[in-house]
Amino acid sequence: MIEVILVDENDMPIGRMEKLAVHQQGLLHRAISVYVFNDHNELLIQRRAAGKYHAGGQWSNTCCGHPLPGEDTQEAAMRRLYQEMGMACALHESFELSYCLDVGDGLTEHELAHVFMGHSNVVPQLNAEEADAFAYHPVDEILEQMQLEPERFTPWFRLCLPKVIAHLD
């Protein structure tokens, strides 16, 4: 059983709960979201594995997840990047974002996300339980595809990407 950290609007921990139950109840919890760019300023995106309990088969940011109780957000971002994409690179926290999004099947992503950015030219070694495809694409092409076929992308990725772009150097 994986537990996540319940937080208030100021990111202060107020408890912990099993991950699926949190998404079923739509409770605010701490999350991490990672965006890795290469030398061509292309964003590394992944297609979530079809077997994921929500948003399976949709394209999303490089990786995301939840800090475990007692784990800080930087450690969680590095852990998830390795677990999902089989890679490591330096990450820096860029900003925080809170959102409440219906992700289908009666589940809600109500997260206070710590957004991390990094740089790498590595070819990922995907964990098939997490992702079944990856691609490096220019951000403008991703935004164009989001406009044409929004259902191909996770709800949080559609919301977060414009904010990530605003924080690029």
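For every chain, the first residue of the written sequence is number 1, and numbering continues from 1 onward in sequence order. A pLDDT threshold of at least 70 governs which residues receive local features in this predicted model, and a stricter bar of 80 or more applies before side-chain atom pairs are shown or counted, although totals over entire chains, interfaces and linings include all residues. Excluded from the side-chain calculation are hydrogens and water; included are all heavy atoms of the structure.

### Quick notes on the UniProt feature "binding site: Mg(2+)" (unreviewed entry) in the protein
Step number 1: Using the residue numbers shown here, the UniProt feature "binding site: Mg(2+)" (unreviewed entry) corresponds to Glu84.
Step number 2: A run of DSSP states H or I qualifies as a helix once it reaches four residues; a run of E qualifies as a strand once it reaches two. Both are numbered from the N-terminal end. Within the secondary structure, Glu84 is located in helix α2 (residues 73-85).
Step number 3: Overall, the relative accessible area of 3% leaves Glu84 in the buried class.
Step number 4: What makes two residues a contact is simply this: any of their non-hydrogen atoms within 4.5 Å. Apart from residues no more than four positions distant in its own chain, Glu84 is found in contact with Gln46, Thr62, Cys63, Cys64, Gln125, Leu126, Asn127 and Glu130.
Step number 5: Among the polar contacts listed, one links the side chain of Glu84 to the side chain of Arg80, at a separation of 2.7 Å. UniProt positions are given in the numbering used here, feature names are shortened, and annotations may be inferred rather than shown by experiment. Whether a residue is buried, partly exposed or exposed follows from its accessible area with a 1.4 Å probe, protein chains only, as a fraction of its type maximum: under 20%, in between, or over 50%, in that order. What qualifies as a polar contact is a pair of N or O atoms within 3.5 Å, subject to a donor-acceptor requirement within protein and to the restriction that residues adjacent in sequence count only when both atoms come from side chains.

### Structural notes on the packing of aromatic side chains
Step number 1: Two aromatic rings, drawn from Phe, Tyr or Trp (for Trp, its six-membered ring), form a pair once their centres lie within 6.5 Å of each other, and the interplanar angle then sorts them: stacked below 30 degrees, edge-to-face above 60, tilted otherwise. As enumerated under the stated definition, the model contains two aromatic pairs in all.
Step number 2: On the basis of an interplanar angle of 35° and a centroid distance of 6.2 Å, the ring pair of Tyr35 and Phe157 is categorised as tilted. Highlighted residues: Tyr35 in strand β3 (residues 29-37) and Phe157 in helix α4 (residues 155-166), separated in sequence by 122 residues.
Step number 3: Tyr35 sits in the buried class, given a relative accessible area of 0%.
Step number 4: Residue class for Phe157 comes out buried when judged on its relative accessible area of 0%.
Step number 5: One aromatic cluster is present, built from ring pairs that chain together Tyr35, Phe153 and Phe157.

### Overview of the nonpolar core
Step number 1: We define a nonpolar core as any set of buried Ala, Val, Leu, Ile, Met, Phe, Trp, Tyr and Cys residues linked to one another through side-chain atoms lying within 4.5 Å. Membership of the largest hydrophobic core comes to 28 residues, with the highest contact counts inside it found for Tyr35, Leu43, Ile142, Phe157 and Leu161.
Step number 2: Secondary-structure elements contributing two or more residues to this core are β3, β4 (42-48), β7 (91-104), β8 (107-119), β9 (131-138), α3 (139-148) and α4.
Step number 3: Beyond its immediate chain neighbours, meaning those up to four positions away, Tyr35 contacts Leu43, Asn61, Thr62, Val115, Phe116, Met117, Gly118, Phe157, Cys160, Leu161 and Val164.
Step number 4: Core analysis: the second largest hydrophobic core is formed by 14 residues, Ile32, Val34, Ala77 and Met87 among them.

### Considerations on the UniProt feature "domain: Nudix hydrolase" (unreviewed entry) in the protein
Step number 1: Here the UniProt feature "domain: Nudix hydrolase" (unreviewed entry) sits at residues 27-159.
Step number 2: A helix fraction of 21% and a strand fraction of 42% characterise residues 27-159, whose end C-alpha atoms lie 19 Å from each other.

### A closer look at the pattern of salt bridges
If the charged atoms of two oppositely charged side chains come close together, the side chains can form a pair.
Step number 1: Between Lys or Arg on one side and Asp or Glu on the other, a salt bridge is scored when a side-chain nitrogen of the former is within 4 Å of a carboxyl oxygen of the latter. The tally for this structure, following the rule as stated, stands at eight salt bridges.
Step number 2: Note that Arg79 and Glu71 form a salt bridge whose closest N and O atoms lie 2.8 Å from each other.
Step number 3: Put simply, Glu130 and Arg80 hold a salt bridge, and the shortest N to O gap is 3.1 Å. Of this pair, Glu130 sits in the loop between β8 and β9 while Arg80 sits in helix α2, and the two are 50 residues apart along the sequence. The pair formed by Glu130 and Arg80 is uniform in burial state, with each residue classed as buried.
Step number 4: Via salt bridges that share partners, Lys52, Arg80, Glu84 and Glu130 belong to a single interconnected network.

### A look at unusual backbone geometry
Step number 1: Phi angles above zero are rare outside glycine, and Asp11 is one such case at about 70°.
Step number 2: Within the element layout of this structure, Asp11 appears in the loop between β1 (3-7) and β2 (13-18).
Step number 3: Of note in the backbone geometry, Asp105 takes a positive phi value of approximately 55° without being a glycine.
Step number 4: In this structure Asp105 comes out as exposed when scored by relative accessible area, which is 73%.

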